[in-house]
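Here's the letter readout for the chains.
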Amino acid sequence: MNDAPVKLEPRDLTEESRLNAIAAHVGEIIRLLGLDPATDINLEGTDRRVAKMYLEIFSGLNEGLRPEITSFANEERYTSMVIERDIPFYSTCVHHFVPFHGHGHIAYIPNGKIVGLSKLPRLLDFYARRPQLQERLTEQVASFLDEELKPKGVMVVIEARHLCVEMRGVKKPGALTVTSAIRGVFQEKAVRDEFLTLLNRRNQ
Ligand SMILES: [Zn+2]
């Protein structure tokens, strides 16, 4: 095998050739860990399974830079807070390539445009399905809604557990990382408090 790194242009490759190339590298990692797929039946096909899984959990990378989420005219003239809370999500830490997962809470106060409620979980998923930072994920969801809907304000809160924190390094099982991103009127304490109060109801 050639020692020089192979320069791949992923977007020029077919799905099948990407799968094969990733599987070959995963197989190499397995062998470098001292494992022998020839003698352990459980490792048979692990290289391809991992490659397939990467292509699935990182599928957001193929979908482009912006999600295709359509907005509608706010014909009801609804001007109070819209909240979609406790949205489960799974993502992958860009630093360690292990999962972080938890819940997102998204709130906005409409202006002229609104978005279907089922689109908010899809939006979170779109940005989660790629190697990510929780901080960036939070900001990307808020920025998209801010740019797309031009609402009075947006706030996104994400609470997540990071396996890179729980399984390795400082090993703090159960530690929760909380991030928030704020746009527009959510900079006012009263607006923020309304959202946070509505979020906290789930504990009562
Ligand atoms: Zn990490």
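Residues numbered from 1 in each chain as written. Predicted model: local features only at pLDDT ≥ 70, side-chain atom pairs only at ≥ 80, totals over all residues. Heavy atoms only, no water.

Student: I'd like to hear about the overall build of the chain, residue by residue, with values.
Tutor: Each helix and strand counted, the chain has 6 helices and 7 strands in total. Along the longest, intermediate and shortest principal axes, the C-alpha atoms of the chain span 65 × 40 × 25 Å. Counting the 204 residues in the chain, one finds 34% classified as buried. In the chain, once contacts between residues fewer than 6 apart in sequence are set aside, the share between residues at least 24 apart is 71%. (Helix = DSSP H or I, 4+ residues; strand = E, 2+ residues; numbered from the N terminus. Buried < 20%, exposed > 50% of the residue type's maximum accessible area, 1.4 Å probe, protein only. Contact = heavy atoms within 4.5 Å.)

Student: I'd like a description of the coordination of the zinc ion, backed by residues and values.
Tutor: Within the protein, the atoms that donate to the zinc ion are Cys93 (SG), His96 (ND1) and Cys164 (SG), at distances of 2.1 to 2.2 Å. Between consecutive donors of the zinc ion, the numbers of intervening residues give the motif C-x2-H-x67-C. Within this pair, whereas Cys93 is found in strand E2 (residues 82-93), its partner Cys164 is found in helix H5 (residues 163-166), the two being separated by 71 residues in sequence. Accessibility expressed as a relative area gives 5% for Cys93, which makes it buried. (Donors = N, O, S within 2.8 Å, 3.2 Å for Na, K, Ca; no water.)

Student: Requested: an account of the pairing of strand E6 (residues 153-162), with residues and values cited.
Tutor: Counting buried residues along E6, 9 of its 10 residues qualify, which places the element largely inside the surrounding structure. As paired strands, strand E3 (residues 99-109) and E6 are joined by 10 bridges and run antiparallel to one another. Among the inter-strand pairings, Gly104 is bridged to a residue of E6, identified as Ile158. Bridging between E6 and strand E7 (residues 177-184) involves 8 bridges; their strand directions are antiparallel. Its bridge partner lying in E7, Val154 is registered against Arg183. (Pairing = 2+ DSSP bridges.)

Student: So what's going on with the pattern of salt bridges? Which residues, and what values?
Tutor: Within this structure, the stated rule accounts for 9 salt bridges. Arg31 is the salt-bridge partner of Glu28, the closest N and O atoms lying 3.7 Å from each other. Of this pair, Glu28 and Arg31 are both found in helix H1 (residues 15-32), 3 residues apart, which corresponds to roughly one turn of the helix. Assessed through its relative accessible area of 29%, Glu28 is described here as partly exposed. For Arg31, a relative accessible area of 45% puts it in the partly exposed group. Arg161 is paired through a salt bridge with Glu166; the nearest N and O atoms lie 2.7 Å apart. Accessibility expressed as a relative area gives 35% for Arg161, which makes it partly exposed. Under the relative-accessibility criterion, Glu166 is labelled buried at 11%. (Salt bridge = Lys/Arg side-chain N within 4 Å of Asp/Glu carboxyl O.)

Student: Any chance you could break down helix H2 (residues 46-57) for me, citing the residues and the numbers?
Tutor: With 12 residues, H2 should cover 16 Å at 1.5 Å per step; its first-to-last C-alpha distance of 16 Å lies within 8% of that length. Regarding H2, the residues found buried are Thr46, Ala51 and Leu55. (Expected span 1.5 Å × (residues − 1).)

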